Amino acid sequence: MYVQFSAVDRGSMAGLRLSLKQRYLVLLCLAVGALAAYHFSRNRLAGRRTSRVDGLRANSSQFTLEGEPFRLLGGSVHYFRVPRAYWEDRLLKMKACGLNTLTTYVPWNLHEPERGVFDFEDQLDLEAYLRLAGRLGLWVILRPGPYICAEWDLGGLPSWLLRDQHMKLRTTYPRFTDAVDSFFDQLIKRVVPHQYSEGGPIIALQVENEHGSYAKDGEYMPFIKEALLSRGVTELLLTSDNKGGLKRGGVKGALETINFQKLNRNDIKYLDGIQPHRPKMVMEYWSGWFDLWGDLHHEFPAEDMVRVVTEILKLDMSINLYMFHGGTNFGFMSGAFAVEMPAPKPMVTSYDYDAPLSEAGDYTAKYHLLRDVFSRYHAQPLPEPPPRRGRRAYQPVVIQQHVSLWDSLHFTHKGKRTLSLLVENCGRVNYGSTLDEQRKGLVGDIEFNKRPLRGFLIRSLEMKPAFVNSLCSSGHWASVRQRPTFPAFFQAKLYVSGSPTDTFIKLPGWSKGVAFINGKNLGRYWSIGPQQTLYVPGPWLHRGDNQVVVFEEQETDGRILFSSSGDYGMSVDVQ
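### Focus on the layout of surface pockets
Taken as a whole, the second largest pocket encloses approximately 360 Å³ of empty space. Lining the second largest pocket we find 23 residues, and of these Glu210, Asn242, Trp286, Trp289 and Tyr431 sit closest to its centre. Contributing elements (two or more residues each) for the lining of the second largest pocket: strand S9 (255-260) and strand S10 (281-286). Per-class residue counts for the lining of the second largest pocket are 14 nonpolar, four polar and five charged.

### Some remarks on the packing of aromatic side chains
Each aromatic ring pair is characterised by the separation of its centres together with the angle its planes make. Under the defined criterion, the tally for this structure stands at 28 aromatic pairs. Between tyrosine 79 and phenylalanine 80 the ring centres are 5.3 Å apart and the planes differ by 90 degrees, which places this aromatic pair in the edge-to-face class. Per residue, the accessibility class of tyrosine 79 equals that of phenylalanine 80, and both read buried. Plain terms: the ring middles of phenylalanine 290 and phenylalanine 337 are 5.4 Å apart, the flat faces sit at 55 degrees to each other, and that makes the pair tilted. On the criterion of sequence distance, the pair formed by phenylalanine 290 in the loop between S10 and strand S11 (297-299) and phenylalanine 337 in strand S13 (residues 336-337) is long-range, its members being 47 residues apart. For phenylalanine 290, a relative accessible area of 7% translates into the label buried. Ring pairing ties together the aromatic residues Trp108, Trp160, Phe176, Phe183, Phe184 and Tyr220, which thus form one cluster. Taking NZ or CZ as reference, lysine 512 lies 4.7 Å from the ring centre of tryptophan 526, over its face.

### Some thoughts on the packing of helix H8 (residues 302-314) against helix H9 (residues 365-375)
Orientation of H8 relative to H9, taken along the N-to-C sense of each, is 20 degrees, at an axis distance of 10 Å. Compared by their axis directions, H8 and H9 come out roughly parallel. Crossing handedness for the pair H8 and H9: right-handed. In this structure, H8 contributes Ala302, Met305, Val306, Val309, Thr310 and Leu313 to the contact, and H9 contributes Ala365, Lys366, Leu369, Leu370, Val373 and Phe374. Across the contact of H8 with H9, the residue classes break down as ten nonpolar, one polar and one charged.

### Re a nonpolar patch on the surface
Where nonpolar side chains cluster on the molecular surface, the patch consists of Leu419, Leu421, Val423, Leu442, Phe456 and Ile458 and spans about 530 Å² of accessible area. Along the chain, leucine 421 turns up in the loop between helix H10 (405-408) and strand S17 (447-448).

### Side note on the environment of glycine 145
As for its placement among the helices and strands, glycine 145 is situated in the loop between strand S6 (139-143) and helix H5 (174-191). The exposure class assigned to glycine 145 is buried, which follows from its relative accessible area of 1%. Sequence spacing of glycine 145 and threonine 239 is 94 residues, and the spatial spacing of their C-alpha atoms is 11 Å. Excluding residues within four positions of it along the chain, glycine 145 makes contact with Phe184, Glu208 and Ile224.

### Thoughts on the packing of H5 against helix H6 (residues 220-229)
Orientation of H5 relative to H6, taken along the N-to-C sense of each, is 25 degrees, at an axis distance of 10 Å. The angle between the axes of H5 and H6 places the two elements in the roughly parallel class. The two elements H5 and H6 cross, and the hand of that crossing is right-handed. Contacts between H5 and H6 involve Phe176, Thr177, Val180, Asp181, Phe184 and Ile188 from the first element and Tyr220, Phe223, Ile224, Ala227 and Leu228 from the second.

### Points about the sheet that holds strand S2 (residues 64-65)
In space, the three strands of this open sheet follow the order S1-S2-S3, with antiparallel pairing throughout. What marks the edges here is a single partner per strand, and that holds for strand S1 (56-57) and strand S3 (68-69).

Rules of the game
- Residues numbered from 1 in each chain as written.
- Predicted model: local features only at pLDDT ≥ 70, side-chain atom pairs only at ≥ 80, totals over all residues.
- Heavy atoms only, no water.
- 1 Å grid on protein atoms, 1.4 Å probe; cavity = no way out; pocket = protein on both sides within 12 Å on 5 of 7 lines; lining within 4 Å.
- Points joined across faces, edges and corners; volume = space filled by probe spheres on them.
- Helix = DSSP H or I, 4+ residues; strand = E, 2+ residues; numbered from the N terminus.
- Nonpolar A, V, L, I, M, F, W, Y, C, P; charged D, E, K, R; others polar.
- Phe/Tyr/Trp six-rings, centres within 6.5 Å; stacked < 30°, edge-to-face > 60°.
- Buried < 20%, exposed > 50% of the residue type's maximum accessible area, 1.4 Å probe, protein only.
- Lys NZ or Arg CZ within 6 Å of the ring centre and 35° of its normal.
- Axes fitted to C-alpha atoms, helices over the stretch in contact; angles between N-to-C directions.
- Parallel < 35°, antiparallel > 145°, perpendicular 65-115°, else oblique.
- Left-handed = near helix turned anticlockwise from the far one by under 90°.
- Contact = heavy atoms within 4.5 Å.
- Patch = residues over 30% accessible without salt bridge, like charges linked within 9 Å, V, L, I, M, F, W, Y side chains within 5 Å.
- Areas by Shrake-Rupley, 256 points an atom, 1.4 Å probe, with all protein chains shown as cover.
- Salt bridge = Lys/Arg side-chain N within 4 Å of Asp/Glu carboxyl O.
- Pairing = 2+ DSSP bridges.

Right under this line is the structure:
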């Protein structure tokens, strides 16, 4: 019996050895199959990409895509003005409105905030934004600058360029072109894989922006065009100018497009005359307008806007709505306006723009009217618009403590007479002929009794999250029972129960300053208006206590209010 068991045991071992051989064969077959599948999928992908040989073309009076007539129905949504958590919501609303193309600028001054220090992460992850657009079925026209205007600080150019006292922006001045080359080396290598010919959504790129209104150097536009081409850009190139800029803003090999708000058929004839038998496109159809501190809030009546859009489409033109959704100039990135003004006026924080989607992403009358118009240019019904997101007017919060700016910076010099100055940059001009002059800070002598003062200790207050968070954990804060010394920081707590939602901060009784939520800079407020609220995105809040810090220059009433809707002040129609 025992030997019997032994014999059976040997048989079992033999069976086990056979099973292992079979497994090896199976594994070998799987490996061969996987390799074959990999090559097959690569060939299919290559086939798909090589089938995309006929991208967006402008060789006749109509655009074509893959040889078929194509009308661009575009809208501008800037990824850097919209919280990343809301990118998809805004683009789905765009698609549901009947648009087929997303346009966005690329802000050089955010992506290279310090010379040689580049940031393409998180909120600035341009590639993620492009992939999202492609996944949602939207084409993309990319506007990489380097100058973008956009009511953005220095038109998107980094302010560190102006450390060169001889700098000539938007020209072939060597130190400017060297800086552009360095930035484009980082940017364009991230853009090229997302071109149409590579299976991506980018069907066109814009060469610079509205250069005809500046045009100081005839070699500059060819330089920017070559900077794109030499780094692998293969898609259709465009330029964008208003009627006056068309005379000097173009570059050979790029299709010229026009910008306006009110239709003048003579302008269209002029565009047709300088490039006959080519597609006509309004690259920027201004759906509203920007606001300046101390002015009124601009509105462009929905009925007037839709009437012009309808006429543009009847002329067989393509169109891009600037803006489809404006968003917010978070932080200190608002520009300033100086055209026909004795002194520049800074832009407000909100970039609501009276656009079809509001600053907080809400549908407006413009959205619904446009959706009806654009639906006529689609063979299939449009997708349903996403549901409206909820908002709350949280309970008011009371200031708990404060600290003087000077105390927070250890500027107290006991026994000495000290002159302390706070110099604020309210925004550099973003459009016009004075870009080279936008240096900020103490740019001349400070005199006392006609004698220049020397030996100033200068500290830059960037007020980034690390600064705000370290300030909150410092021991310099004083109780509200003590009278504050202005300018000062004020701290409060906002308690959120349940899931956080969007809200707006209101600061009646305050004068001028900046507000922060959990270290994030919401932007400037100013009692002179027109803007009366600051947008607070829900994703920037969390359950429980949220840290609210306000930097105020002059006065406070000790409370922070919240609203469920934005207040942009008294309005006036765009003229």
